Amino acid sequence: MKYQIEITVPPEKILDGNYLHFKAASKLKLDPNEIAAIIIKRRSIDSRKKPVFKLLLDVFINEKPVAEIREYKYNPVDSKKRVLIIGSGPAGLFAALRLIELGIKPVIIERGKDVQTRRKDLKELQQKHIVNPDSNYCFGEGGAGTYSDGKLYTRSVKRGNVRKVLDLFVMHGASNDILIDAHPHIGSNNLPKVVANIRQTIINNGGDIHFNARVTDFILKPDEIKGVIVNNKDEFLGDAVILATGHSARDIYYLLHKHNIKIEPKPFAMGVRIEHPQQLINEIQYHKYKSRNLPPAAYNLACNVDERGVYTFCMCPGGIIVPSATAPGEIVVNGMSLSRRDSPFANSGLVVSIVRSDWKMFDEDYPFSGLKLQQQLEQLAFRLANNTQSAPAQRVTDFVARKFSQTLPATSYIPGLTSVRLEKELPEFISKRIRRAVKIFNRKMKGYYTDEAILVAAETRTSSPIRIPRDKESLMHIEKRGLFPCGEGAGYAGGIVSAAIDGENCADAVSKYLK
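A quick note: this is a predicted structure, and the numbers were derived from the prediction, not measured.

Caption draft 1: Up close: the overall build of the protein. The number of helices and strands found in the protein is 12 helices and 22 strands. For the C-alpha atoms alone, the extent of the protein along its principal axes is close to 75 × 65 × 40 Å. Residue burial in the protein is summarised as follows: out of 515 residues, 58% are buried. In the protein, of all internal contacts separated by at least 6 residues, the share reaching a separation of at least 24 is 72%. Put simply, the protein shows about 22,200 Å² of open surface, and 48% of that area lies on carbon and sulfur atoms. Within the protein, one finds 75 positive and 56 negative side-chain charges whose respective centroids are separated by 3 Å.

Structure (structure tokens):
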């Protein structure tokens, strides 16, 4: 017989199997010897008071559990049908895996480099401030998420099979912990290996992957896409095209517009990264309770200021801030954590919702109005940093007090910081709301507003400022047959898991289209 129960466990007992048996037996009013096995199905932390682990358990009484096998087998494709996938982020990779399941050959075209070679360009960016427009924290195998944390938490549970996505990550080398943690996380040190294994599965089963292959044009008929031109010379033809280029492939938006393929601006968010000592966040969130078994504490904050959302985004406990520019002359910051999350710093995006009235000055650039505003802030940050990647920064308390930071605290950001009066330089519709929000957040997390915290600009790539419209049923572009806008860059996902799900959904839609 199997029971499913929930128990709470103090941090110091979380690794004690005998204690879990005792707690389960007490809850079920049984002799512990009757319990044949316990399987943890879900694990989270409740830190509203003294922190405790909350476990959802399957408890087996006088019987052994049957091994739960969730393997997905792929067979080499022999179909003459081939689908071009532009981009090898999670949307592109999972679209390719699903197409192979459906017996259709995927051909991935990736502007950047493979996941290992890509590291050299990240090092050049970190240490020498050199931006490679095709190989950086956003572009390259695995997409933006590969080297920016590998968070797998999603609210997109109704859009597709979240469990399948997690299973496929485990099948390709991720820890089984992602199947039970409430906020699963692979880590930027482990995700590259997982991505490389996914690539091998695709190649082993008849898929193709082309790196250093930037799409420079489309091959079009009046109402249909037939393929793409790569690097201004190579022609790739396909029976359909899945466009999964990510939120930073601005050249693709301009290429679509050049061919009168409809795109439209959409709301997004911009602001800064906020960084605290991780020990301070632990003390706040865990109420000064200490245990070796507690992970670095996280937080998620949101409020409304002057009818706009202000919220934290992509919080990285035990993480570092990384330079995520995709072109020379701009600064973009993001956050990441390794699997151990052992950095002494905690960082998070701190962003303000951006709406149409904010980009009115760029109305003549429609549909690129929001994108132009995004670029303006990134280029401003670069100029404020004396045309380097040493990002403009300010202590939070000085930001609110509207004064220059004479000194800046230690930071995880390797290219270094430049002390700047951000409250004066950022657009007022962002600056005034962040000033008020940090005080509101301090009421929710006492100690959050402190001179130990710094703001680093600019956090601008929370999501795409452009949407590529598609039909709700066919998932095909509303004007161009055979073109399937997909993932975060098209405006239909917001993170690794939701992008992977959208990739699978687009692959299913392509299969229906080709029948």
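This is not the end of the story, as more comes after the structure.
Caption draft 2: Geometry of helix α1 (residues 17–28). Its 12 residues place the ends of α1 17 Å apart at the C-alpha level, agreeing with the 16 Å of an ideal helix rising 1.5 Å per residue. Those residues of α1 that sit buried are Y19, L20, A24, A25 and L28. On its buried side, α1 packs onto β1 (2–9), β2 (35–46) and β3 (52–61). Trailing α1 by a residue or two, K29 shows a phi angle of about 55 degrees, which is positive.

Caption draft 3: The arrangement of helix α2 (residues 90–101) in detail. Compared with the 16 Å implied by 1.5 Å per residue over 12 residues, the 16 Å span of α2 between its first and last C-alpha is a close match. The buried fraction of α2 amounts to 11 of the 12 residues, a majority that puts the element mostly inside the structure. Residues P90, A91, G92, L93, F94, A95, A96, L97, R98, L99 and I100 constitute the buried set of α2. Close packing links the buried residues of α2 with β4 (82–86), β5 (105–109), α4 (162–171), α5 (191–204), β10 (240–243) and α12 (496–514). The first or second residue beyond α2 is G103, which carries a positive phi of 80 degrees.

Caption draft 4: Fine view of the environment of P328. Inspection of the secondary structure puts P328 in the loop between β15 (319–323) and β16 (333–337). The exposure class assigned to P328 is exposed, which follows from its relative accessible area of 61%. Separated by 314 residues in the primary sequence, P328 and I14 place their C-alpha atoms 48 Å from one another. With residues near it in sequence (within four places) discarded, P328 still touches V131 and P133.

Caption draft 5: Here's a closer look at the sheet that holds strand β8 (residues 224–230). Read across the open sheet, the three strands follow the order β7-β8-β9; overall the sheet is antiparallel. Sheet topology places β7 (215–221) and β9 (234–237) at the edges, where each strand pairs with a single neighbour. Adjacent strand axes in the sheet meet at a mean angle of 30 degrees when their direction is disregarded.

Caption draft 6: Main features of the sheet that holds β10. Read across the open sheet, the five strands follow the order β6-β5-β4-β10-β22; overall the sheet is parallel. The sheet is open, and its two borders are formed by β6 (208–210) and β22 (483–485), each paired with just one other strand. Across the sheet, the mean angle separating the axes of adjacent strands is 20 degrees when strand polarity is ignored. The pairing of β4 with β5 spans five bridges and is classified as parallel. In the strand pairing of β5, I86 is matched with I109.

Caption draft 7: View of the side chain of S324. Looking at the secondary structure, you find S324 in the loop between β15 and β16. Other than its neighbours up to four places away in sequence, S324 contacts Y137, C138, V332, N334 and R461.

Caption draft 8: Structural detail: the environment of I219. The topology assignment puts I219 in strand β7. Judged by relative accessible area, I219 falls into the buried class, the value being 19%.

Caption draft 9: Broad picture of the side chain of E504. On the secondary structure map, E504 appears in helix α12. Beyond its immediate chain neighbours, meaning those up to four positions away, E504 contacts F94, A95, R98, E101, K164 and L168.

Caption draft 10: Local environment of the packing of aromatic side chains. Applying the stated criterion across every chain yields a total of seven aromatic pairs. With a centroid separation of 6.1 Å and 80 degrees between ring planes, the pair formed by F441 and Y448 is classed as edge-to-face. Accessibility expressed as a relative area gives 0% for F441, which makes it buried. Using a relative accessible area of 0% as the deciding quantity, one classes Y448 as buried. Three or more aromatic residues joined by ring pairs form one cluster here, namely Y299, F441 and Y448. Its end group placed over the ring of F139, R111 keeps NZ or CZ at 4.3 Å from the ring centre. The cationic tip of R470 hangs over the ring face of Y492; the distance from NZ or CZ to the ring centre is 3.9 Å.

Caption draft 11: Representation of the packing of α2 against α5 within the structure. The N-to-C vectors of α2 and α5 enclose an angle of 30 degrees; their axes lie 10 Å apart at closest approach. Classified by the angle their axes make, α2 and α5 are roughly parallel. Seen from above, α2 lies across α5 with left-handed handedness. Only V195, I198, T201 and I202 of α5 make contact with α2, whose side of the interface consists of L93, F94, A96, L97 and I100. Its residues assigned to classes, the contact of α2 with α5 shows eight nonpolar, one polar and no charged.

Caption draft 12: Structural detail: unusual backbone geometry. With an omega of 5 degrees, the peptide bond between Y366 and P367 qualifies as cis. Here P367 shows up in the loop between β17 (345–354) and α8 (369–384). In this structure, the amide linkage connecting A457 to the following residue, A458, adopts the cis form with an omega of 5 degrees. Its location among the elements puts A458 in strand β20 (residues 454–459). Phi at N231 is positive, roughly 55 degrees, even though this residue is not glycine. Within the secondary structure layout, N231 lies in the loop between β8 and β9. Judged by its relative accessible area of 29%, N231 is partly exposed. With phi around 60 degrees, N386 is a residue other than glycine that occupies positive phi space. Take N386: it is sitting in the loop between α8 and β18 (391–395).

Rules and cut-offs
- Residues numbered from 1 in each chain as written.
- Predicted model: local features only at pLDDT ≥ 70, side-chain atom pairs only at ≥ 80, totals over all residues.
- Heavy atoms only, no water.
- Helix = DSSP H or I, 4+ residues; strand = E, 2+ residues; numbered from the N terminus.
- Buried < 20%, exposed > 50% of the residue type's maximum accessible area, 1.4 Å probe, protein only.
- Contact = heavy atoms within 4.5 Å.
- Areas by Shrake-Rupley, 256 points an atom, 1.4 Å probe, with all protein chains shown as cover.
- Lys, Arg positive; Asp, Glu negative; His and termini not counted.
- Charge placed at Lys NZ, Arg CZ, Asp CG, Glu CD.
- Expected span 1.5 Å × (residues − 1).
- Pairing = 2+ DSSP bridges.
- Axes fitted to C-alpha atoms, helices over the stretch in contact; angles between N-to-C directions.
- Phe/Tyr/Trp six-rings, centres within 6.5 Å; stacked < 30°, edge-to-face > 60°.
- Lys NZ or Arg CZ within 6 Å of the ring centre and 35° of its normal.
- Parallel < 35°, antiparallel > 145°, perpendicular 65-115°, else oblique.
- Left-handed = near helix turned anticlockwise from the far one by under 90°.
- Nonpolar A, V, L, I, M, F, W, Y, C, P; charged D, E, K, R; others polar.

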